Amino acid sequence: MIINEFKRLVGWAALNYVQDGGIVGVGSGSTVAYFIEALATVKNFIKGAISSSDFSSIKLKQLGIPLFDLNDIDSLDVYVDSADEINRHMQMIKGGGGALTREKIIAAVARKFVCIIDIRKQVDILGKKFPLPVEVIPMGRSLVSRELRCLGGQPKYRCGTVTDNGNNILDVYNLKIFDAVSLEEKINNIPGVVTVGMFARRGADVVLVGSEQGVQIIE
């Protein structure tokens, strides 16, 4: 499938941002899986990785890349992850795979956030096509749902999904997000919310876009 080729292109292109002797922040998802494969080719030149999901951690271990705990380090040179949607301001919706909280924590620590996507993920307005994920404490799911409706969204419980942190996810539909920073703050302030999959206050520093023209670099 040609989309997988776009993902492979950006996954391997992200190696250009990996520094020798460093620890690399690694996200999750099908595009990041290509980056993990690429990272394995330079594993002898890096200390290891910090992972945002159990799935990525398993893949990193299988390929012989050492894993570190984020609590044991002060900062990261680079974090490589994908996005479900991204706008021209390099603000993103993430969390389709359910790892949004750990992804947001690692992004906050990294000095450079490299987002790798295929061309389909670029949008003018966030939220038009992809729902906004919100990780919630299970007992607060109904309260958070009511508050999200007051903000104009239509939350839907992602049945059968439990995050790596043991929480639930609400996917919020029918949002057209014009002020991503403001909405991120409002949702994060709702009691019961662990975090929202809006990456606006800490967006990407570099975006690598895979398409038929190859890899486009946006900085």
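Everything below is about the structure shown above.
The following refers to the structure shown. In this convention, every chain numbers its residues from 1, walking through the sequence in written order. The model is predicted, so local features are restricted to residues of pLDDT at least 70 and side-chain atom pairs to those at 80 or more, both for listing and for counting; the totals for chains, interfaces and linings are taken over all residues. Note that water and hydrogens are dropped before the side-chain values are worked out from all heavy atoms of the structure.

1. Observations regarding helix α5 (residues 141-150)
For step 1, the next point in the chain: For every residue, the accessible area obtained with a 1.4 Å probe (protein chains only) is divided by the maximum for its type, and the residue is called buried under 20%, exposed over 50%, and partly exposed between those limits. Only DSSP runs of H or I covering at least 4 residues are called helices, and only runs of E covering at least 2 are called strands; the numbering of each starts at the N terminus. Taken residue by residue, α5 has Val144, Ser145 and Leu148 as its buried positions. Summarising the axial view, the buried residues of α5 lie within an arc of 105°, below the 170-degree limit, and thus occupy one face.
For step 2, the next point in the chain: When checking whether two residues touch, look at their non-hydrogen atoms; a contact exists if any pair is within 4.5 Å. Looking at the buried positions of α5, the neighbouring elements they touch are β7 (132-136), β8 (154-157), β9 (168-173), α6 (180-188) and β10 (193-196). Working note: the arc is built from the helix axis to C-beta atom directions.

2. What about the side chain of Asp118?
For step 1, the next point in the chain: Residue position: Asp118 is located in strand β6 (residues 110-118).
For step 2, the next point in the chain: For the purposes of these results, a polar contact is taken to be a pair of N or O atoms within 3.5 Å, where, inside protein, one atom must be able to donate a hydrogen and its partner to accept one; residues adjacent in sequence count only when each atom of the pair is a side-chain atom. There is a polar contact of 2.8 Å between the side chain of Asp118 and the side chain of Arg120.
For step 3, the next point in the chain: Those residues in contact with Asp118, other than ones at most four positions away along the chain, are Ile3, Phe6, Lys7, Val209 and Gly210.

3. A look at the pattern of salt bridges
For step 1, the next point in the chain: The term salt bridge refers to a pairing of a side-chain nitrogen on Lys or Arg with a carboxyl oxygen on Asp or Glu at a separation within 4 Å. Applying the stated criterion across every chain, the model contains eleven salt bridges.
For step 2, the next point in the chain: A salt bridge links Arg158 to Asp171; its shortest N-O distance comes to 2.7 Å. Here the residue Arg158 occupies a position in the loop between β8 and β9, and Asp171 occupies one in strand β9, the gap between them amounting to 13 residues.
For step 3, the next point in the chain: Note that Asp205 and Arg202 form a salt bridge whose closest N and O atoms lie 2.9 Å from each other.
For step 4, the next point in the chain: Connected through shared salt-bridge partners, Asp81, Lys94 and Glu103 make up one network.

4. A word on the packing of aromatic side chains
For step 1, the next point in the chain: Only Phe, Tyr and Trp rings are paired, with Trp represented by its six-membered ring, and only when their centres lie within 6.5 Å; those with planes under 30 degrees apart are stacked, over 60 edge-to-face, the remainder tilted. This structure, assessed with the given rule, holds one aromatic pair.
For step 2, the next point in the chain: Aromatic side chains Tyr79 and Phe113 sit 5.1 Å apart centroid to centroid with 40° between the ring planes, which places their arrangement in the tilted category. Separated by 34 residues along the polypeptide, Tyr79 in strand β3 (residues 76-81) and Phe113 in strand β6 bring together distant segments of the chain.
For step 3, the next point in the chain: Using a relative accessible area of 0% as the deciding quantity, one classes Phe113 as buried.
For step 4, the next point in the chain: Just above the ring of Phe199 sits the side chain of Lys94; from NZ or CZ to the centre is 5.5 Å.
For step 5, the next point in the chain: The cationic tip of Lys104 hangs over the ring face of Phe199; the distance from NZ or CZ to the ring centre is 5.1 Å. Criterion for a charge above a ring: Arg CZ or Lys NZ at most 6 Å from the ring centre, at most 35 degrees from the ring normal.

5. Looking at the sheet that holds β7
For step 1, the next point in the chain: Criterion used throughout: strands pair if DSSP finds at least two bridges between them. With antiparallel pairing, four strands are arranged side by side in an open sheet as β8-β9-β7-β10. Each end of this open sheet is capped by a strand with a single partner; those strands are β8 and β10. Along the sheet, successive strands turn relative to each other by an average axial angle of 30°, direction set aside.
For step 2, the next point in the chain: Of the strands in this sheet, β7 and β10 are in contact with α6, which crosses β10 at around 165°. Every angle, taken between N-to-C directions, lies between 0 and 180 degrees, and every axis is a line fitted to C-alpha atoms, over only the stretch in contact when it is a helix.

6. Here we look at empty space enclosed by the protein
For step 1, the next point in the chain: Using only the protein atoms, space was sampled on a 1 Å grid; points where a 1.4 Å probe fits but cannot get out form cavities, open sets with protein on both sides within 12 Å along at least five of seven lines form pockets, and lining residues are those with an atom within 4 Å of a point. Grid points are joined across faces, edges and corners, and a volume is the space filled by probe spheres set on the points. Counted under the stated rule, the structure contains two cavities of 30 Å³ or more.
For step 2, the next point in the chain: The volume enclosed by the largest cavity comes to roughly 40 Å³.
For step 3, the next point in the chain: Forming the boundary of the largest cavity are Ser52, Gly98, Ala99, Leu100, Thr101, Arg102, Glu135, Thr163, Asp164 and Asn165.
For step 4, the next point in the chain: The dominant element in the lining of the largest cavity, judged by the number of residues it contributes, is helix α4 (residues 100-109), at three residues.
For step 5, the next point in the chain: Think of it as three bins: nonpolar holds Ala, Val, Leu, Ile, Met, Phe, Trp, Tyr, Cys and Pro, charged holds Asp, Glu, Lys and Arg, and polar takes everything else, Gly as well. For the lining of the largest cavity, the per-class residue count stands at two nonpolar, five polar and three charged.
For step 6, the next point in the chain: Listed by contribution, the elements that provide at least two residues to the lining of the second largest cavity are β1 (23-26) and β3.
For step 7, the next point in the chain: Looking at side-chain class alone, the lining of the second largest cavity contains five nonpolar, two polar and one charged residues.

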